[in-house]
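Secondary and tertiary structure notes
Here is what each chain is made of, one letter per residue.
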Amino acid sequence: MTEPDPRTGLTVTHRRYVPYAHAHYGGALVDGAYTLGLFGDVATEVAIVMDGDEGLLAGYSEVRFLGPVRAGDVLEASCEVIRIGRRSRELRCTARVVARAEPERGASAARVLDEPLTVVEATATLVVPGS
């Protein structure tokens, strides 16, 4: 019986402020590609940590947009390694809003949310060079 790879479960997290320049829609909404790009950055760090190489995010097998991302949000994006192949890693990616602008209180008003809001979930495949 093969022992499970101890690197399974490795999780990398980034936080990023969503600038107003990325708002594309009414209500300061940001397109879904913004979060997918952030997942790509987190996946790159996963590859560097695990394999000493930036690797390549080859694709998503599932993406679910669960809530809005708005300019002025602080997003926390995490990727967890859930499967390790010879040259691929399957990642569970999650984005949560941890702080949100409150323009109704003032131009620069914002607050940290009591509970983060999960806004995007995805499953991604990361490919790394063979040894």
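Structural data are supplied above this passage.
Structural notes, computed from the coordinates. Bear in mind that the values here come from a model prediction, so they are computed numbers and not experimental data.

1. Brief notes about the overall build of the protein
Counting its secondary structure elements, the protein contains one helix and seven strands. Ordering the α and β elements of the protein from the N terminus gives β-β-β-α-β-β-β-β. Oriented by its inertia axes, the alpha-carbon framework of the protein measures out at about 60 × 25 × 25 Å. For the protein, contacts bridging at least 24 residues in sequence account for 70% of all contacts bridging at least 6. Element-wise, carbon and sulfur atoms account for 51% of the exposed surface of the protein, whose accessible area totals about 7400 Å². Computed over 14 positive and 18 negative side-chain charges, the separation of the two mean positions in the protein equals 2 Å.

2. Looking at the nonpolar core
In globular proteins that are soluble, nonpolar side chains generally tend to be buried together. Membership of the largest hydrophobic core comes to 27 residues, with the highest contact counts inside it found for Phe39, Val46, Leu75, Leu91, Cys93 and Val119. Looking at this core, the elements with two or more residues in it are α1 (32-51), β5 (74-84), β6 (88-101) and β7 (110-127). Per-element accounting of this core gives the leading share, eight residues, to α1. Discounting residues that sit within four places of it in the chain, valine 46 has contacts with Leu10, Val12, Cys79, Val81, Leu91 and Leu126.

3. What to know about the sheet that holds strand β1 (residues 11-17)
An order of β1-β5-β6-β7-β4 is seen for the five strands of this open sheet, with the pairing classed as antiparallel. The outermost strands of the open sheet, each flanked by one partner alone, are β1 and β4 (56-65). Neighbour-to-neighbour, the strand axes of the sheet open up by a mean angle of 25°, direction not taken into account. Pairing analysis gives 13 bridges linking β6 to β7, with the strands arranged antiparallel. For serine 88, the partnering residue across the bridge sits in β7 and is valine 127. Lying on the sheet, α1 is in contact with β1, β4, β5, β6 and β7; it crosses β5 at an angle near 50°.

4. Concerning the side chain of arginine 89
Positionally, arginine 89 belongs in strand β6. Beyond its immediate stretch of four places on either side in the chain, arginine 89 contacts Arg7, Met50, Asp51, Arg83, Ile84, Ala124, Thr125, Leu126 and Val128.

5. Quick look at the environment of phenylalanine 65
Within the secondary structure, phenylalanine 65 sits in strand β4. Non-local contacts of phenylalanine 65, meaning those with residues more than four positions away in its chain, are made with Gly32, Leu36, Val119 and Val120.

6. Thoughts on the pattern of salt bridges
Counted under the stated rule, the structure contains eleven salt bridges. Two residues, glutamate 121 and arginine 64, come together in a salt bridge whose shortest N-O distance is 3.7 Å. Taken as a pair, glutamate 121 in strand β7 and arginine 64 in strand β4 lie far apart in primary sequence, 57 residues in all. Glutamate 121 sits in the partly exposed class, given a relative accessible area of 30%. Residue arginine 64 is classed as partly exposed on the basis of its relative accessible area of 39%.

Basis of the calculations
- Residues numbered from 1 in each chain as written.
- Predicted model: local features only at pLDDT ≥ 70, side-chain atom pairs only at ≥ 80, totals over all residues.
- Heavy atoms only, no water.
- Helix = DSSP H or I, 4+ residues; strand = E, 2+ residues; numbered from the N terminus.
- Contact = heavy atoms within 4.5 Å.
- Areas by Shrake-Rupley, 256 points an atom, 1.4 Å probe, with all protein chains shown as cover.
- Lys, Arg positive; Asp, Glu negative; His and termini not counted.
- Charge placed at Lys NZ, Arg CZ, Asp CG, Glu CD.
- Core = buried A, V, L, I, M, F, W, Y, C linked by side-chain atoms within 4.5 Å.
- Buried < 20%, exposed > 50% of the residue type's maximum accessible area, 1.4 Å probe, protein only.
- Pairing = 2+ DSSP bridges.
- Axes fitted to C-alpha atoms, helices over the stretch in contact; angles between N-to-C directions.
- Salt bridge = Lys/Arg side-chain N within 4 Å of Asp/Glu carboxyl O.

From the geometry alone we can't say anything about function, so treat these as descriptive.
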